[in-house]
Amino acid sequence: MDEGYANLPTSHLLGSVPAVTQDDRKPVAPAAQGYGMPSAQDAGATSRLQEFPPAPGGNGGGYRPSGAPADGDVENQANWKGYFNVASYAPYFNVDTDVVVDRLISSVYPMDGFYRKIDANPDMYGPVWITTTLIFMLAAFGNFATYLMQKKKDLDIWNFDVGYFNWAASVMYGYAIIVPAMFFFLFQYFGSRPSLVRFWCMWGYSLFFFIPTSVLLLIPVEFLRWVIIALAGGASSWFIASNLKECTEGADLMVLIASAAVLQFALALFIKVFFFA
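Residues numbered from 1 in each chain as written. Predicted model: local features only at pLDDT ≥ 70, side-chain atom pairs only at ≥ 80, totals over all residues. Heavy atoms only, no water.

Caption draft 1: Main features of the overall build of the chain. What the chain contains, in helices and strands, is 12 helices and 0 strands. When the helices and strands of the chain are placed in sequence order, the string is α-α-α-α-α-α-α-α-α-α-α-α. In the chain, the proportion of contacts linking residues at least 24 apart, taken out of those at least 6 apart, comes to 73%. Accessible area of the chain: about 16100 Å², with a carbon and sulfur share of 65%. (Helix = DSSP H or I, 4+ residues; strand = E, 2+ residues; numbered from the N terminus. Contact = heavy atoms within 4.5 Å. Areas by Shrake-Rupley, 256 points an atom, 1.4 Å probe, with all protein chains shown as cover.)

Below, the structure written as structure tokens:
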């Protein structure tokens, strides 16, 4: 080696490679302990789903697809203003289409564990549109069914009844809002710990049974109409009873569960008698 290079300090021979000090040898903490486990933010967002209404801003604890970042999470404002803030309800309408379709399929197949699917991520998008669609279908098809039945007799006495829409809107919206809230307070009174928004979500999806049923009730054969509405009412009642039993956590509330099932079947009979008589 040349004497000029031999006299240079070792650091000059290493060029730009920095020397390692004792501080640099400290182990680096992992980015997240327990790879694959949910973070504290995710857990906080999920826990807020049990509270109603959720906190405004960001996702606010509403529906989030699995793995989505918890951007904008804020603490729940537990005061009366949250109930009158539109932003408090917005997270329950931020739901993917494939999730709504999956829940619609589960609502007509009661053994598919519907309540477990909405346990962490309840939504209100599906129930609102299901109820609204059912209202328009009952009003339109109810009039059309009356036309088909009276066509055999005397067409001159048939008139389009606009009152069907008023009745459908009052009964369906009232049922979808008041009945779940009533059973929510009853379950709480008897020691269970239900969630109001999950009850609204479950009862809303239970009405999906009656959308295809209203199409089938156009058949101008009275006996078939009663068979169709009996099957739809029985399936919808079973859906409500099975999901309520799953959410009671072992509590003996069979009287309340049976009452909810009977009330659901009574709704089916009302649809038949009033709109498709």
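From this point, the narrative continues.
Caption draft 2: The arrangement of the environment of Leu 218 in detail. Checked against the element boundaries, Leu 218 lands in the loop between α10 (210-216) and α11 (222-247). For the pair Leu 218 and Tyr 147, spaced 71 residues apart in the sequence, the C-alpha separation amounts to 9.8 Å. Ignoring sequence-local partners within four residues, the contact set of Leu 218 consists of Phe 141, Phe 144, Ala 145, Leu 148 and Arg 225.

Caption draft 3: Up close: the packing of helix α8 (residues 163-189) against helix α9 (residues 196-206). Put simply, α8 and α9 touch, their axes get as near as 9 Å, and they point 135° apart. The angle between α8 and α9 places the two elements in the oblique class. Helix-helix and strand crossings are classified by hand; for α8 and α9 the assignment is right-handed. Counting all contacts with α8, which are made through Tyr 175, Ala 176, Ile 177, Val 179, Pro 180, Ala 181, Phe 183, Phe 184 and Phe 187, the residues of α9 involved are Leu 196, Phe 199, Trp 200 and Trp 203. Looking at the contact of α8 with α9 residue by residue, the classes come out as 13 nonpolar, no polar and no charged. (Axes fitted to C-alpha atoms, helices over the stretch in contact; angles between N-to-C directions. Parallel < 35°, antiparallel > 145°, perpendicular 65-115°, else oblique. Left-handed = near helix turned anticlockwise from the far one by under 90°. Nonpolar A, V, L, I, M, F, W, Y, C, P; charged D, E, K, R; others polar.)

Caption draft 4: A look at the nonpolar core. Ranked by size, the top nonpolar core spans 59 residues in total, and within it Phe 199, Met 202, Trp 203 and Leu 244 carry the most contacts. For this core, the secondary structure elements donating two or more residues are α5 (97-107), α6 (114-118), α7 (125-151), α8, α9, α10, α11 and α12 (254-275). When residues in this core are grouped by element, the largest group, 11 residues, is from α8. With residues near it in sequence (within four places) discarded, Phe 199 still touches Tyr 115, Pro 180, Phe 183, Phe 184, Phe 187, Pro 194, Leu 244 and Cys 247. (Core = buried A, V, L, I, M, F, W, Y, C linked by side-chain atoms within 4.5 Å. Buried < 20%, exposed > 50% of the residue type's maximum accessible area, 1.4 Å probe, protein only.)

Caption draft 5: Seen up close, the pattern of salt bridges. Under the counting rule described, the total for this entry stands at 5 salt bridges. A salt bridge links Glu 246 to Arg 116; the nearest nitrogen and oxygen atoms lie 3.0 Å apart. Of this pair, Glu 246 sits in helix α11 while Arg 116 sits in helix α6; the two residues are 130 residues apart in sequence, bridging distant segments of the chain. Assessed through its relative accessible area of 58%, Arg 116 is described here as exposed. If you follow the salt bridges from partner to partner, you end up with Glu 222, Arg 225 and Lys 272 in one network. (Salt bridge = Lys/Arg side-chain N within 4 Å of Asp/Glu carboxyl O.)

Caption draft 6: Here's a closer look at the UniProt feature "transmembrane region" (unreviewed entry) in the chain. UniProt annotation of "transmembrane region" (unreviewed entry) refers to residues 124-144, 164-187, 199-217, 223-241 and 253-275 when read in the numbering used here. Annotation note: span residues 124-144, helix share 95%, strand share 0%, distance between end C-alpha atoms 30 Å. With 100% helix and 0% strand, the stretch residues 164-187 has end C-alpha atoms that lie 33 Å from each other. (UniProt positions renumbered as here; feature names shortened; annotations may be inferred.)

Caption draft 7: Spotlight on the packing of aromatic side chains. Within the structure shown, the criterion is met by 15 aromatic pairs. Plain terms: the ring middles of Tyr 189 and Phe 190 are 5.2 Å apart, the flat faces sit at 90° to each other, and that makes the pair edge-to-face. We classify Tyr 189 as exposed; its relative accessible area is 67%. Through a chain of ring-to-ring contacts, the aromatic side chains of Tyr 164, Trp 167, Phe 270, Phe 274 and Phe 275 assemble into a single cluster. (Phe/Tyr/Trp six-rings, centres within 6.5 Å; stacked < 30°, edge-to-face > 60°.)

Caption draft 8: Inspection of α9 at higher detail. When you tally the buried positions in α9, you get 11 out of 11 residues, the bulk of the element. Along α9, the positions that sit buried rather than exposed are Leu 196, Val 197, Arg 198, Phe 199, Trp 200, Cys 201, Met 202, Trp 203, Gly 204, Tyr 205 and Ser 206.

Caption draft 9: Summary view of the side chain of Asn 243. With respect to the element layout, Asn 243 can be found in helix α11. At 2.7 Å, the side chain of Asn 243 forms a polar contact with the backbone oxygen of Phe 239. Discounting residues that sit within four places of it in the chain, Asn 243 has contacts with Phe 114, Tyr 115 and Met 202. (Polar contact = N/O pair within 3.5 Å; in protein donor to acceptor, adjacent residues only side chain to side chain.)

Caption draft 10: Spatial organisation of α5. Along α5, the residues classified as buried are Val 99, Val 100, Arg 103, Leu 104, Ser 106 and Ser 107. Looking straight down α5, one finds its buried side chains confined to an arc of 165°; they lie on one side. Exposed residues pointing more than 90 degrees away from the buried face of α5 are listed as Thr 97, Asp 98 and Ile 105. (Arc of directions from axis to C-beta.)

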